[in-house]
Amino acid sequence: MSVQVKPTYEPLNELTVLDVVKPLDFFDASEQNQLHVREIGDGNLNLVFHIESALSKKAVIVKQALPYAKVVGESWPLTLDRARIESEALIKEAESVPHLVPKVLYSDSTLAVTVMEDLSDHVILRKGLIEGQIYPKLASDIGTFAAKTAFYSSDFYLHPFEKKEQVKRFSNPELCKITEDLVFTDPFFNIETNDFPAELQSEVDVIWNDTELLKEVAQLRLSFLTKAEVLLHGDLHSGSIFVKGDSTKVIDPEFAFYGPAGFDIAHFIANLALNHLSQNAHAKEPFHRETLQTYLLETIEKTWKTYRETFTALWNEKATDPFAKIDGVLENFLEKTFQEAIGFAGCEIIRRTIGLAHVADLDSIPKKEVELFYKKTALELGVKLIKNQRKLTNITELTDWIRGA
Ligand SMILES: Nc1ncnc2c1ncn2[C@@H]1O[C@H](COP(=O)(O)OP(=O)(O)O)[C@@H](O)[C@H]1O
Ligand SMILES: CSC[C@H]1O[C@H](OP(=O)(O)O)[C@H](O)[C@@H]1O
């Protein structure tokens, strides 16, 4: 009698990863002994292997979750279920925006791996933006990504039973807890893992003691904890987007869960706003700086416009909600989503400046005093967005504030 042994989890290395890839028949038999493997993960959490045939130059990516957060080590245990969430979210996203996500070729929840399309001909958006590149399709692609993934996962479209099944499937408590802590809690209190230069202490003290601000953050945090409106990517910053010319691919949805509709678009906008600020230091030549900053603000405006128009078109054609045809129902939803997004963006800007996980846009500013100046400016902008979220009615008011920051 033969006994089938189910593979157990073990972290892969540059040799054992081949045992995952070879049986997939992605590479021809003639290529199997000519595969080059590199571990290329530069994120906070996971291993990422690039496997390339020396013969055909075809390549795949194998991403594996570790049972802890890579950036901290084994002292921070973290569920392997995030790999299942990531591959299922990529597959779900591909149902509505197949051209905007990498193709999943295989996944195994025991090994916590996703094998996917290699996008090495693209660059990570954050890197491209810091280097001063412009991507003409970015705004319409991200606006479309956020609107379609939101609408098709919402109660406006799905049968309530199906919606609740999806909420269960994408229940992601451990990864959500990271966001609850790192985005919505820790930066607003004196917590050890916060990370900022001593020179910012007085600005940070002002934040920690600003009751009006903290009341708004508490409300935003509660929305994040409780509003299961749409399936979110959950971590849509410029390190989660690959770009090449006019191609955009959204990667890394391991934080996916059902949450408030404005959250993804907020994180995208916040990271563009941080890049906009940092260009005052990065862009050497005034004309180029102006061009880049204008592009970034136009991208923010066009992303929201695309989101609103795409969501509206889907609503008019496909909404099943009994209130969908009532005047003002859609407008009310979009207005609330927009205003809450402004508040979420403020939280993301603050946490990327003084919390545990920073962004290279600000941290790579070469001169310390210049870096401090723009970090202070970022904090002011973040506070302004959180406190004034309900006063804004138009995206150009937001871009005016970012321009003036
Ligand atoms: N499909 C892909 N094709 C090419 N490189 C990839 C792909 N997915 C991830 N990478 C590389 O691995 C890095 C980390 O991936 P990411 O999914 O962001 O990991 P983490 O979850 O650890 O943040 C990316 O910045 C990119 O350089
Ligand atoms: C210790 S997790 C910190 C931070 O990292 C995640 O981003 P990524 O997976 O792209 O590296 C997420 O933004 C978390 O808040």
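All figures in this text were calculated on a predicted structure; none of them were measured in a lab.

Thoughts on the site of ligand 2
(1) Moving on: Around ligand 2, the structure places 14 residues, and the nearest of them are N44, D235, H237, R351 and R352.
(2) Moving on: Between ligand 2 and R352 there is a distance of 3.3 Å, counted from an oxygen atom to a side-chain nitrogen or oxygen.
(3) Moving on: Within the complex, the protein chains bury 95% of what would otherwise be the 400 Å² of accessible surface of ligand 2.
(4) Moving on: Among the cavities detected, the one that contains ligand 2 is the largest pocket.
(5) Moving on: A per-class count over the shell around ligand 2 returns 6 nonpolar, 3 polar and 5 charged.
(6) Moving on: When residues of the shell around ligand 2 are sorted by domain, at least three fall in each of domain 1 (17-117) and domain 2 (123-403).

Description of the site of ligand 1
(1) Moving on: In the vicinity of ligand 1, 19 residues are found, and the nearest of them are D42, N46, K63, L119 and E254.
(2) Moving on: Separating an oxygen atom of ligand 1 from a side-chain N or O atom of K63 is a distance of 2.7 Å.
(3) Moving on: Relative to its unbound accessible surface of 550 Å², ligand 1 loses 92% to contact with the protein.
(4) Moving on: Mapping ligand 1 onto the cavity grids shows that it belongs to the largest pocket.

Thoughts on the sheet that holds strand 2 (residues 46-53)
Through backbone hydrogen bonds, the strands of a sheet pair up, either in parallel or in antiparallel fashion.
(1) Moving on: If you trace the 5 strands from one edge of the open sheet to the other, you get 1-2-3-7-6, paired in antiparallel fashion. The open sheet has two edge strands, strand 1 (35-39) and strand 6 (104-108), and neither has a second partner. Shown here is a sheet whose adjacent strand axes are inclined to one another by a mean of 20 degrees, direction ignored.
(2) Moving on: By the bridge criterion, 5 bridges tie strand 3 (residues 59-65) to strand 7 (residues 113-117) in an arrangement that is antiparallel. Directly across from V60, in strand 7, lies its bridge partner E117.

Re the pattern of salt bridges
(1) Moving on: A full pass over the atoms with the stated rule returns 25 salt bridges.
(2) Moving on: In this structure, K387 engages D210 in a salt bridge whose closest nitrogen and oxygen atoms are separated by 2.6 Å. Taken together, the residues K387 in helix 13 (residues 368-388) and D210 in the loop between helix 7 (201-208) and helix 8 (211-226) connect sequence positions 177 residues apart.
(3) Moving on: Through salt bridges with shared partners, one network takes in D81, R84, E88 and R169.

Conventions we followed
Position numbers for residues start from 1 in each chain and track the written sequence from start to end. Lettering for chains starts from A, numbering for ligands starts from 1, and both go in the order in which the items are written. It should be noted that, the model being predicted, local features are given only for residues of pLDDT at least 70 and side-chain atom pairs only at 80 or more, the latter also being counted only at that level, while totals for whole chains, interfaces and linings use all residues. In computing side-chain values, all of the structure's heavy atoms are included and hydrogens and water are not. Whether a residue is near a molecule or strand depends on its heavy atoms: if one lies within 4 Å, it is near. Identification of polar contacts relies on pairs of N or O atoms within 3.5 Å, with a donor-acceptor requirement for protein atoms, meaning one able to donate a hydrogen and the other able to accept it, and with residues adjacent in sequence counted only if both atoms are side-chain atoms. Throughout, the Shrake-Rupley method with a 1.4 Å probe supplies accessible areas, and for residues the shown protein chains are the sole cover considered. Cavities and pockets are found on a 1 Å grid laid over the protein atoms alone: a cavity is a set of points where a 1.4 Å probe fits but cannot escape, a pocket is an open set with protein on both sides within 12 Å along at least five of seven lines, and a lining residue has an atom within 4 Å of such a point. If over half the atoms of a molecule are within 2 Å of the grid points of a cavity or pocket, the molecule is regarded as sitting in it. Ten residues, namely Ala, Val, Leu, Ile, Met, Phe, Trp, Tyr, Cys and Pro, are considered nonpolar, four, namely Asp, Glu, Lys and Arg, are considered charged, and the remaining ones, Gly among them, are considered polar. Domain limits in this description derive from either an automatic procedure or a database domain assignment. Pairs of strands are assigned from DSSP output, requiring at least two bridges between the strands. Numbering goes from the N terminus for both helices and strands, where a helix is a DSSP run of H or I of at least four residues and a strand is a run of E of at least two. Axis definition: a line fit to C-alpha positions, over the contact stretch in the case of helices; interaxial angles, taken between N-to-C directions, run 0 to 180 degrees. Salt bridges are identified by distance alone: a Lys or Arg side-chain nitrogen within 4 Å of an Asp or Glu carboxyl oxygen.

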